[in-house]
Amino acid sequence: MQKLSAAIEKRVEDLLSRMTLEEKVGQLVQVDLYKIPDFETAIKEGHVGSLLSSFDAQNNNRFQKAAVEGSRLGIPLLVGNDVIHGYRTVFPIPLALACTWNPDLVEKATRIAAEEAATVGTSWIYAPMVDISREPRWGRIAEGAGEDPFLGGRLAEAQVRGIQSAELTNGWQIVACPKHYVGYGAVEAGREYNTTDFSERTLRDLYLPPFKAAFDAGAGSVMSAFNEIGGIPATANAFTLQTVLRDEWGFDGVVVSDYTSVAELINHGFAANMKEAARLSILAGLDVDMMSNAYLDYLPELVNEGTVPIEAVDRAVRRVLQLKFRLGLFEKPYVDETLAPGIILKTESRDAARETAEKAAVLLKNEGGLLPLAPNQQKQKIALIGPLADNKEALLGTWAGQGQPEDVISILEGIQGVLGEKAELTCVPGCDIKGATAPDFGPALAAAQAADVVIVALGESADMSGEAHSRAIIGLPGHQQALLDALHATGKPLVGVLLCGRPLVIPRMAEQVGALLLAWHGGVEAGAAIANLLFGKSNPSGKLAVSFPWTEGQIPVYYSHKNTGRPIDQGVRQFDEEYKSFYLDVPNTPLFPFGFGLSYSQFDYSDLRVETPSVGVDGTLVASATLTNVGKVAGEETVQLYVRDLFGSVTRPVKELKGFQKVTLQPSESRTVRFEIPVSTLGFIGLDLKYTVEPGDFKVWIGPDSASGLEGSFRVV
Ligand code: BGC
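Scoring rules and cut-offs
- Residues numbered from 1 in each chain as written.
- Predicted model: local features only at pLDDT ≥ 70, side-chain atom pairs only at ≥ 80, totals over all residues.
- Heavy atoms only, no water.
- 1 Å grid on protein atoms, 1.4 Å probe; cavity = no way out; pocket = protein on both sides within 12 Å on 5 of 7 lines; lining within 4 Å.
- Points joined across faces, edges and corners; volume = space filled by probe spheres on them.
- Helix = DSSP H or I, 4+ residues; strand = E, 2+ residues; numbered from the N terminus.
- Nonpolar A, V, L, I, M, F, W, Y, C, P; charged D, E, K, R; others polar.
- Pairing = 2+ DSSP bridges.
- Domains from an automatic or database assignment.
- Buried area = accessible area lost by both parts, 1.4 Å probe.
- Salt bridge = Lys/Arg side-chain N within 4 Å of Asp/Glu carboxyl O.
- Polar contact = N/O pair within 3.5 Å; in protein donor to acceptor, adjacent residues only side chain to side chain.

Remarks on empty space enclosed by the protein
- Summed over the entire model, instances satisfying the criterion amount to six cavities of 30 Å³ or more.
- Approximately 80 Å³ is the volume found for the largest cavity.
- The wall of the largest cavity is formed by 13 residues, among which Ile84, His85, Gly86, Thr110 and Ala113 lie closest to the centre.
- The element contributing the most residues to the lining of the largest cavity is helix 6 (residues 103-118), with three residues.
- Of the residues in the lining of the largest cavity, the class split is nine nonpolar, four polar and no charged.

What follows is the structure, encoded as structure tokens:
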């Protein structure tokens, strides 16, 4: 966020000098207004600095008035809300947005969400969620950008720009809050809130970069995570909160805890009681206590008895006041209550939601060009089968904010919209999403038998992913696979549409259907987007931001793994082939790799040219390839560049994404796609735990995904 002027800094110091200890502590307290009986009095007495989950403009203005006009010093409140993938205009879940590989589009979606959230006076948005995760059992993988820190970093920046757009409607400003700092995506066995443990190198190489990218883009706050890091809970972790965040990165924004994570230090076995939890957190550098009331109840006492220096409290309060000034809240504390109707669910916003849903969908299989279905063949009889065929709620996804099922276009409605009234379309659910009792597949089978082609919409409900919704077995839930088995036995051509909040284990489904479109949970326009894609009104362009495992037993399976001393496909043949790093029963590779996604166009890669076969550590790697659309329709390809640092003082992954570009080509059109990659971005956390770029030999690939592409080499000198 922007630097404060000297005059504002002076106002901050002046305010600070006039505050009582209790008023200072109040600035560090965040509460949910619905959980406190006499909230307005608490505000007037200066015991509340910010509100959580407050989605009503009138209420927010009322509470703001209590703070601004009713409290002794008139300090405005921050209103913090979770706006994760849209506000009322619900966009695809963040993991799906990541599959667009389109930072500009993601920025646009995020800005629309921020504009809608601003209509109720939201000044603090708890997003982007930038936790890298290779754990599809973890429900919160839905909320992030997937498995890769480079892609995750670009999308983190985009979302920060979207939320912190200089002026939202009517000049309102919002601060972004990247979360959850840090390492939450590593929860053991994918079980929510579980322990994490990783080396400092992995912390710095993998989990920190998207946070750094978010701060470099100006993010003005950050949320500490629920998990521990090497035995020290993130909420009271002086190494991550002070050493890395403040000392190394110079971050001067606000650190807020996660919901009751200060109190949870007791369950972690880190603090013996709430007073201790408050002391450990403030001393580690945590500014705002979300919902634990540990600061409210114990900070004054801790300061008075001398176990917490007043300077620690002052530092935190100063940051909160600075943020409130930065956001302009002292000048403009109230939101215009008449704004919402002109902003919420605007046509342009719905159009953007549809565009993102189309671009987030990933075509995983298309045997014999089964897709697109021809929209004009009115005689084609279509059966639309599956529990998600005419479902609206699921399409909203895990963190739908203020989204309403009635805003959603279901797949059935989307297809009706494309085919019009003359369509011969039958829709049968076949079974429930997760129902335990065996359904009667009779009606679904009858519909399939009578049809020329069957579209089968399967997957998860919205409440099967997201916070506190981990799953250990991540196949199709309930009786859906049995339904698909029965439909497969009819011999009819099957088009699968998969709707989910995480990568699912679906090798059987992928085998049985002729075409498979991964549509995730796509938001309010999901049904229209899916129909446009199925009938060729749009051309799929999404690429996976996360690998799809063959089986849960492979997890974690991700493209950027290490080679090991005994890789299966290469290396020194000094041992029997059987003593290699592999499974007896499944492949090492995922079912669908990171970066993968098909199109109705066919893209051919040729003529890799590494223009800088030898390049200095301060130089720029320049490499290009020719991309040709050899298909029959125009399409968009995401051209990806990966490198491998072959030998290092610390071992490096077999591939690392370092660049990507979106290219749109007409049929028969060719383009040279040229990458200029600063060599300074090809480094890693070295022996001394500092970032380093080592001279040596590299491989480079330019291609359509992480598992293929044209291969070349270069040397860093
Ligand atoms: C979640 C955060 C969220 C917070 C406030 C917590 O349970 O982990 O992501 O921002 O609640 O709603």
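Structural notes on the sheet that holds strand 26 (residues 710-716)
- Strand order in this open sheet of five strands is 18-26-25-20-21, and the pairing throughout is mixed. What marks the edges here is a single partner per strand, and that holds for strand 18 (614-615) and strand 21 (656-665).
- Pairing between strand 25 (residues 696-703) and strand 26: seven bridges, direction antiparallel. Its bridge partner lying in strand 26, Gly696 is registered against Val716.

As for the domain arrangement of the protein
- For the protein, the assigned domains are domain 1 (30-326), domain 2 (345-534) and domain 3 (601-716).
- Taking the mean C-alpha position of each, domain 1 and domain 2 sit 35 Å from one another.
- Summed over both sides, the interface between domain 1 and domain 2 buries roughly 3,000 Å², with carbon and sulfur atoms accounting for 64% of that surface.
- Taking the shortest distance from any N to any O, the salt bridge between Arg88 and Asp407 comes out at 2.7 Å.
- Inspection of the domain 1/domain 2 interface yields 16 residue pairs in polar contact (both at pLDDT 80 or more).
- When residues of the side of domain 1 that touches domain 2 are traced back to their parent elements, those giving at least two are helix 5 (94-98) and helix 6.
- Element by element, the count of residues in the side of domain 1 that touches domain 2 is highest for helix 6, at six residues.
- Along the lines of polarity and charge, the residues of the side of domain 1 that touches domain 2 split into 20 nonpolar, five polar and ten charged.

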